[in-house]
Amino acid sequence: MIPKFRSQFNEKYVPEAYGRLLGLLAEHCGGPVQFRVAETPIFVPKAMLDEMAGLGGAMAKQLMEDAEYLAGAGRAIPAGFDVAGQTAHPHFLTADFALIRNSTGELAPRLVEIQAFPSVFAYQVELCAAYRKVFGLPESLKVYLGGLSEETYWDLLRRTVLGDRDPEHVVLTEVDPLHQKTFPDFELTRRRLGISVVDISSLEPQGNKLFYRDAAGKRIPIERIYNRAIADELISRGIELPFDLAQEWEVEWAGHPNWYFLISKYSIPFLSQSRGFPEVPPACFLDGFLAGPGEDFLRSRGVDLGTGSEAERGYESLLLKPLFSFAGKGIEFSPTRARLEAITQEERKNYILQERMHFEPTIETPFGRTQAEIRILYLWPDGGELTPAISLVRLGRGKMMGVDHNKNQEWVGGSAAFYV
C-alpha cells in the first residue's frame with residue numbers, strides 16, 4: 001500500500017530468499033514453522049495502523065464499561081468454564097480488520113473480529129526480524145506500535161505475562177503444546193521469559209494449589225498461568241482436566257479464561273447496534289434473526305437479504321459464525337434459511353449472523369493482487385494501560401484469510417506489517 005516499498009520489494013525478490021526466510025525462522029524457533037509463512041511483508045502508512053489500534057481499544061473499553069453487556073456475555077460462558085478470580089481487565093486483546101472500499105472509493109478498515117485472548121507476541125517479533133534480515137529492509141521501516149521500541153516491547157510483554165512473579169513459578173499452558181502450530185511462539189516465549197511450557201492436562205492439584213513438573217521431574221508450585229488453552233478445543237476433544245477450572249485456586253491468570261468469552265464474537269452484534277462504530281459490520285444473534293427483530297435490524301442497515309420464499313432463500317450477504325470457535329472454525333458462507341432453521345432453538349443463541357465483507361485486494365504480487373487482514377495485538381499489564389504493541393497480517397486470495405484456508409498457494413499466509 002506504499003507503492004515505493006512494494007515495487008522495490010517485488011523487483012528484488014528471488015525465490016531463494018524465501019527458502020532463507022524459512023530456514024532462519026526454523027533455526028530461531030526450535031524447528032520448522034508448521035503454518036504457511038507469506039513470501040512478503042506488507043508496507044503501510046503508520047496512520048492506518050494507528051486508526052485500527054485506536055478503534056480496537058475504544059471498542060474493548062466500551063464493552064468493559066457496559067455492565068448489561070458483560071452480564072449477558074457472562075451468561076453465555078459454557079458450564080464448567082466460568083473461572084473464579086476474574087481479573088478487572090483482560091491482559092491481552094486482538095482486533096482483526098479488513099480493508100474495504102468505502103462509498104467514496106477510499107480504503108477503510110472494517111472489524112472482522114475482536115478477542116480478549118493472547119496471540120503470537122513472541123513469534124511475530126521473530127518474523128519481523130527475519131523479513132528485515134533476509135530482504136535487507138531499511139531501518140526506517142518500523143513494526144512496534146504504541147510508542148514502543150524493541151526493548152520496551154519485551155519489557156511490556158514480560159510485565160504482562162509474569163506480573164511480579166518469579167519465572168520458575170509461571171507456566172504457559174496449552175492443549176498438547178508440542179504439537180500445536182503455534183509452538184514456535186511458545187518456544188520463543190519460553191526462551192525469552194524463562195517460563196515453562198506445559199500441557200494444561202498435566203497440571204497437578206493439591207489443596208487449593210496447582211503444580212507442574214519441570215524437565216527434571218521436580219514438582220513446582222504454580223503462581224501464575226499464561227493461558228493459551230482454548231475452551232472450544234477442550235470441549236471438542238473431550239479433554240477432562242485433572243482440576244476443576246471453576247474452583248477457586250491460589251493462582252493468578254495472565255489472560256484470565258473468562259475474558260475469552262466476554263470480549264469475543266458475542267460482542268459484534270452489540271457493537272454494530274450501538275451505532276458508535278460504523279466500522280463494525282451489521283450483525284445479530286441467530287435467535288433474534290429468526291424471531292424477526294434481528295432480520296429487521298439487518299435490513300435497516302442496508303443488508304441485502306434477498307427475496308422469494310423463506311423456505312428456499314439463501315443469504316448471500318451473510319456469514320454464520322459460532323460464538324466461541326477459533327481460527328475461523330465453523331464459519332459458513334451464504335447460509336440458507338433451511339440451514340438456519342435446522343439449528344436447534346437451544347443452540348441458536350450461540351451463533352451470530354454478520355454481513356459479509358468484501359476484502360479489497362491491495363497487495364501487488366506475482367500472482368495478482370492479494371487481500372490482507374490486519375490484526376492489532378494489545379498488552380494490558382497489571383497496574384498498566386491497554387497498549388497496542390505490534391501487528392500481525394494474514395494474506396490470502398480465498399474466501400477466508402486464515403493460513404489454514406489458503407493452502408497450495410504462493411504469496412499468502414502469515415505475514416507482518418512494516419510502516420513509515
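Residues numbered from 1 in each chain as written. Predicted model: local features only at pLDDT ≥ 70, side-chain atom pairs only at ≥ 80, totals over all residues. Heavy atoms only, no water.

### Structural notes on the overall build of the chain
Assigned secondary structure in the chain consists of 13 helices and 18 strands. In terms of principal-axis extent, the alpha carbons of the chain reach across some 65 × 55 × 35 Å. Counting over 420 residues, the chain shows a buried share of 55%. For the chain, the share of sequence-separated contacts (at least 6 apart) that also reach a separation of at least 24 residues comes to 72%. Element-wise, carbon and sulfur atoms account for 50% of the exposed surface of the chain, whose accessible area totals about 17800 Å². Measuring between centres, the 45 positive side-chain charges of the chain sit 4 Å from its 56 negative side-chain charges. (Helix = DSSP H or I, 4+ residues; strand = E, 2+ residues; numbered from the N terminus. Buried < 20%, exposed > 50% of the residue type's maximum accessible area, 1.4 Å probe, protein only. Contact = heavy atoms within 4.5 Å. Areas by Shrake-Rupley, 256 points an atom, 1.4 Å probe, with all protein chains shown as cover. Lys, Arg positive; Asp, Glu negative; His and termini not counted. Charge placed at Lys NZ, Arg CZ, Asp CG, Glu CD.)

### Looking at the sheet that holds strand 9 (residues 224–227)
The four strands lie next to each other as 5-4-9-10, forming an open sheet whose pairing is parallel. The sheet is open, and its two borders are formed by strand 5 (196–199) and strand 10 (252–254), each paired with just one other strand. If you compare each strand with its neighbour and ignore which way they point, the axes differ by 35 degrees on average. Where strand 4 (residues 170–174) lies against strand 9, four bridges are found, and the strand directions are parallel. By the bridge assignment for strand 9, Thr-173 is matched with Asn-227. (Pairing = 2+ DSSP bridges. Axes fitted to C-alpha atoms, helices over the stretch in contact; angles between N-to-C directions.)

### Looking at the packing of aromatic side chains
We describe a pair of aromatic rings using the distance from one ring centre to the other and the angle between the two ring planes. Within this structure, the stated rule accounts for 22 aromatic pairs. A centroid spacing of 5.2 Å and a plane angle of 35 degrees characterise the contact between Phe-92 and Tyr-226, whose relative ring orientation is tilted. On the criterion of sequence distance, the pair formed by Phe-92 in strand 2 (residues 92–101) and Tyr-226 in strand 9 is long-range, its members being 134 residues apart. Across the pair, exposure class does not vary: Phe-92 and Tyr-226 are buried alike. (Phe/Tyr/Trp six-rings, centres within 6.5 Å; stacked < 30°, edge-to-face > 60°.)

### Overview of empty space enclosed by the protein
Unoccupied space between atoms shows up once a probe the size of one water molecule is rolled over them. A complete count under the given rule lists two cavities of 30 Å³ or more for this structure. Quantified by volume, the largest cavity comes out at close to 110 Å³. Along the wall of the largest cavity there are 14 residues; nearest its centre are Asn-227, Ala-229, Ala-231, Leu-245 and Pro-257. Elements supplying a minimum of two residues to the lining of the largest cavity: helix 8 (231–236) and helix 9 (258–262). (1 Å grid on protein atoms, 1.4 Å probe; cavity = no way out; pocket = protein on both sides within 12 Å on 5 of 7 lines; lining within 4 Å. Points joined across faces, edges and corners; volume = space filled by probe spheres on them.)

### A look at the nonpolar core
If you look at the biggest cluster of nonpolar residues, it comprises 126 residues, and the most contacted ones within it are Tyr-123 and Tyr-131. Of all the elements, helix 5 (residues 121–135) adds the most residues to this core, at ten residues. For Tyr-123, the residues in contact, after removing those within four places along its chain, are Leu-25, Cys-29, Val-33, Phe-35, Val-37, Pro-184, Asp-185 and Leu-188. Counting residues in hydrophobic clusters, the runner-up holds 15 residues, among them Cys-284, Phe-297, Leu-318 and Leu-353. (Core = buried A, V, L, I, M, F, W, Y, C linked by side-chain atoms within 4.5 Å.)

### Focus on helix 6 (residues 150–162)
An ideal rise of 1.5 Å per residue puts 18 Å on 13 residues; helix 6 measures up with 18 Å between its terminal C-alpha atoms. Looking one or two residues beyond helix 6, the residue adopting positive phi is Gly-163, at roughly 60 degrees. (Expected span 1.5 Å × (residues − 1).)

### Some thoughts on the environment of Phe-135
In this structure, Phe-135 sits in helix 5. Setting aside anything within four residues of it in sequence, one finds Phe-135 in contact with Phe-9, Tyr-13, Ala-17, Leu-21 and Glu-39.

### Topic: the packing of helix 5 against helix 7 (residues 183–193)
The geometry of helix 5 relative to helix 7 is characterised by a closest axis approach of 7 Å and an angle of 95 degrees between their N-to-C directions. By the angle class used here, helix 5 and helix 7 are roughly perpendicular. Contact with helix 5, carried on its side by Phe-121, Ala-122, Tyr-123 and Glu-126, involves Pro-184, Asp-185, Leu-188 and Thr-189 of helix 7 and no other residues of that element. Here the contact of helix 5 with helix 7 is composed, by residue class, of five nonpolar, one polar and two charged. (Parallel < 35°, antiparallel > 145°, perpendicular 65-115°, else oblique. Nonpolar A, V, L, I, M, F, W, Y, C, P; charged D, E, K, R; others polar.)

### Re the environment of Phe-186
Within the secondary structure layout, Phe-186 lies in helix 7. Considering only alpha carbons, one finds Phe-186 and Gly-105, 81 residues apart in sequence, at a separation of 41 Å. Residue contacts for Phe-186: discarding those within four places in its chain leaves Leu-172, Glu-174, Pro-177, Gln-180, Val-197 and Arg-228.

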